[in-house]
Amino acid sequence: MSFSESTEFPESPEFPAGFFFGAATASYQIEGAYDEDGRGPSIWDTFCREPGRVADGATGDVACDHYHRYREDIALLRELGVDSYRFSVAWPRIQPTGSGPANAAGLDFYDRLVDELLASGISPAATLYHWDLPQALEDRGGWRVRETAERFAEYAAVVAARLGDRVDRWITLNEPFCSAFVGYAAGAHAPGAREGRNALAAAHHLLVGHGLAVQALRAAGAREVGITLNPDRLLPATDSPADLAAVRRARTLHNDVWFEPLFAGRYPEHEAETWGELLPSGDGSYRLDGDLDLIGAPLDFVGVNYYRPITVADAPYRAPDPATRTAVDVRAEETWRDDVRHTTMGWPVVPHTFTDLLVDLAERYPALPPLLITENGSAEADAVDADGRVRDVERVDYLHSHLEALAAALRAGVDVRGYYVWSLLDNFEWARGYGQRFGIVRVDYDTQTRTPKDSYRWYQRLIAAHRARTSPGKDPR
């Protein structure tokens, strides 16, 4: 359902009592203050300073200046009426070199942030790792080596010891697919490596780090612990055997490498077909006895980030020389449907694939814990009009249609407990710099002025209507 800016906003889809709504951000994308109060350098600080890595040479040095403006941003959350706010903790703020004693000023910042959220009636949800690895750990091998997983567990314990009495919901990792394969194989994200077995080792060590962090969080008394993944809905370009085989390889890369160890207690069925000689063997194996048990420890929820489907076509997928092959060279060609609207990221808008993905995950993994939608949103070419209003019609239409698709998944029996819109603020969009805007609040990066968009007002109305319908008389904040 679409609408024009001259009409009322579309009616809100209905969700059951107990379902919650929130908004999400990530530390490097909004905080700025990259060298203040003892924060150490991250791999993104380094990556941004390498010529040609990031559009327009942009960095997260200032970003949205959230480090200094967090009270203003929490006021926006309070006005929005969200039940929960998902933020991430910057590891280099807590342990500037990735290990050792905690940086008191860094912990103090998140202490203030959490207290301000609770004073506003908003439940904090903390993500421990949203890609900003301390550079000192990368210098010692990064996620290629098991030491980083061990340091991650120590970091998790430090943060939980300080915030665990007030933070109910903990997320260990955000989108390890991007950390391992976009960062260590495709080279498009920090640290910008193009490697083969090392990228697969990074994927495994991220999962080991998750398992160790779950142990640390449980020991600290954490009430809800989960992980956020970004599974893709992968569609064959045709029904040919070659394209269907390409989808199998793509599913191994995008989805199975995470879901199988976490929720089925095994490594992916088609990994040999997909990666061949890149898989561990003999003395070079990074998989240790007991790792699957560690990785597969029970979780309270799994976060799902979803934006668009991918159409997969067969293509040559093995570099001739194994020494130069990377973990993503095995990937088949990914194409986009051209018969639908695309966001400014070039992503097709096909809402029913959101329903299809969630139903498929629930059917594939009977042991799957309850789901949270931890990111969903769209980048659009919005601007402030002469009257000071941001009429982001396309984003409202995107959010409305995807929430309708989410409601359809619930009606089909998928256990989804909550939804976080991505993102509260326009922000630093990784290698794309500041050219892509996902926020429901516009940020003028020159003045740091925040302007709520029409999508903010629509989401605000959806939350208020949900609360009035399911909790009559509750203070809408």
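Residues numbered from 1 in each chain as written. Predicted model: local features only at pLDDT ≥ 70, side-chain atom pairs only at ≥ 80, totals over all residues. Heavy atoms only, no water.

**Examining the sheet that holds strand β2 (residues 84–88)**
Point 1. Ordered in space as β1-β2-β3-β4-β5-β7-β10-β11, the eight strands form a closed barrel in which the pairing is parallel. Geometrically, the sheet is characterised by an average inter-axis angle of 25 degrees between neighbouring strands, direction not taken into account.
Point 2. Examined bridge by bridge, strand β5 (residues 224–229) and strand β7 (residues 301–305) share four bridges and lie parallel to one another. Bridged to Ile227 within β7 is Val302. (Pairing = 2+ DSSP bridges. Helix = DSSP H or I, 4+ residues; strand = E, 2+ residues; numbered from the N terminus. Axes fitted to C-alpha atoms, helices over the stretch in contact; angles between N-to-C directions.)

**Quick word on the environment of Asp387**
Point 1. Within the fold, Asp387 resides in the loop between β10 (371–375) and α14 (393–411).
Point 2. At 3.1 Å, the side chain of Asp387 forms a polar contact with the backbone nitrogen of Arg389. (Polar contact = N/O pair within 3.5 Å; in protein donor to acceptor, adjacent residues only side chain to side chain.)

**So, the pairing of β2**
Side-chain direction in a regular strand flips from residue to residue, so the side chains alternate between the two faces of the sheet.
Point 1. Of all five residues that make up β2, five are buried, and the element is covered over most of its length.
Point 2. Side-chain alternation along β2 places Ser84, Arg86 and Ser88 on one buried face and Tyr85 and Phe87 on a second face that is also buried.
Point 3. Bridge analysis of strand β1 (residues 20–24) against β2 gives three bridges, and the strand direction is parallel. Looking across to β2, one finds that Ala23 is bridged to Tyr85.
Point 4. Inspection of the sheet shows β2 paired to strand β3 (residues 123–129) by five bridges, in the parallel sense. Residue pairing for β3: Arg86 is matched across the bridge by Ala125. (Buried < 20%, exposed > 50% of the residue type's maximum accessible area, 1.4 Å probe, protein only.)

**Observations concerning the packing of helix α13 (residues 352–364) against α14**
Point 1. One way to put it is that α13 packs onto α14 with a least axis distance of 8 Å and a crossing angle of 30 degrees. In terms of orientation, α13 and α14 fall into the roughly parallel class. Here α13 and α14 pass one another in a crossing that is right-handed. Contact with α13, carried on its side by Phe354, Thr355 and Leu358, involves His402, Ala405, Leu406, Ala408 and Ala409 of α14 and no other residues of that element.
Point 2. Looking at the contact of α13 with α14, its residues break down into six nonpolar, two polar and no charged. (Parallel < 35°, antiparallel > 145°, perpendicular 65-115°, else oblique. Left-handed = near helix turned anticlockwise from the far one by under 90°. Contact = heavy atoms within 4.5 Å. Nonpolar A, V, L, I, M, F, W, Y, C, P; charged D, E, K, R; others polar.)

**Considering the pairing of β3**
Point 1. Along β3, six of the seven residues are buried, which leaves the element largely enclosed by surrounding structure.
Point 2. Pairing of β3 with strand β4 (residues 169–174) involves four bridges; the strand directions are parallel. Its bridge partner being in β4, Thr127 is matched across the sheet by Ile171.

**Concerning the confidence of the model for the protein**
Point 1. Across the protein, the average pLDDT comes to 93, with 93% of residues at or above 70.
Point 2. Contacts of residues 1–7 to residues separated by more than four positions or lying in other chains number 12 contacts, the stretch itself having pLDDT below 50. (pLDDT = per-residue confidence, 0-100.)

**Things to note about the packing of aromatic side chains**
Point 1. Under the counting rule described, the total for this entry stands at 38 aromatic pairs.
Point 2. For the ring pair Tyr129 and Trp143, a centre distance of 5.4 Å and an interplane angle of 70 degrees mean the geometry is edge-to-face. Here Trp143 lies in the loop between α6 (135–139) and α7 (146–163) and Tyr129 lies in strand β3, a separation of 14 residues in the sequence.
Point 3. Members of the aromatic cluster, joined through ring pairs, are Tyr28, Trp44, Phe47, Trp131, Phe428, Trp430, Tyr434 and Tyr445. (Phe/Tyr/Trp six-rings, centres within 6.5 Å; stacked < 30°, edge-to-face > 60°.)

**Comments concerning the UniProt feature "active site" (unreviewed entry) in the protein**
Point 1. Under the present numbering, the feature "active site" (unreviewed entry) in UniProt falls on Glu175 and Glu375. The largest pairwise C-alpha distance within this set of annotated residues, which runs over 201 residues, is 10.5 Å, so the set is compact in three dimensions.
Point 2. Note on placement: Glu175 falls in the loop between β4 and α8 (176–184).
Point 3. The residues contacting Glu175, other than those within four sequence positions of it, are Trp131, Thr228, Asn230, Asn305 and Glu375.
Point 4. As for its position among the elements, Glu375 is in strand β10.
Point 5. Apart from the residues lying within four places of it in its own chain, the contact partners of Glu375 are Arg86, His130, Asn174, Glu175, Val304, Asn305, Tyr306, Tyr307, Tyr420 and Trp422.
Point 6. Of the polar contacts made by the side chain of Glu375, one reaches the side chain of Arg86; its length is 3.3 Å. (UniProt positions renumbered as here; feature names shortened; annotations may be inferred.)

**Overview of the side chain of Asn255**
Point 1. Within the secondary structure, Asn255 is located in helix α10 (residues 241–263).
Point 2. Contacts of Asn255, omitting those with residues within four sequence positions, involve Pro231, Asp232, Leu234 and Ala250.

**Some points on the UniProt feature "binding site: substrate" (unreviewed entry) in the protein**
Point 1. As recorded in UniProt, the sites labelled "binding site: substrate" (unreviewed entry) are Gln29, His130, Asn174, Tyr307, Trp422, Glu429 and Trp430.
Point 2. Tracing the chain through its elements places Tyr307 in the loop between β7 and β8 (310–313).
Point 3. Tyr307 sits in the buried class, given a relative accessible area of 11%.
Point 4. If sequence neighbours within four positions are ignored, Tyr307 has contacts with Trp347, Pro348, Glu375, Asn376, Gly377, Tyr398, His402, Trp422 and Phe438.
Point 5. Along the chain, the position of Trp430 falls in the loop between β11 (416–422) and β12 (441–443).
Point 6. Residues contacting Trp430, with those up to four places away along its chain left out, are Tyr28, Gln29, Trp44, Val54, His130, Trp131 and His189.

**Concerning the environment of Tyr365**
Point 1. By the element assignment, Tyr365 lies in the loop between α13 and β10.
Point 2. The contact partners of Tyr365, leaving out residues within four places of it in the chain, are Asp256, Phe259, Glu260, Phe263 and Ala264.

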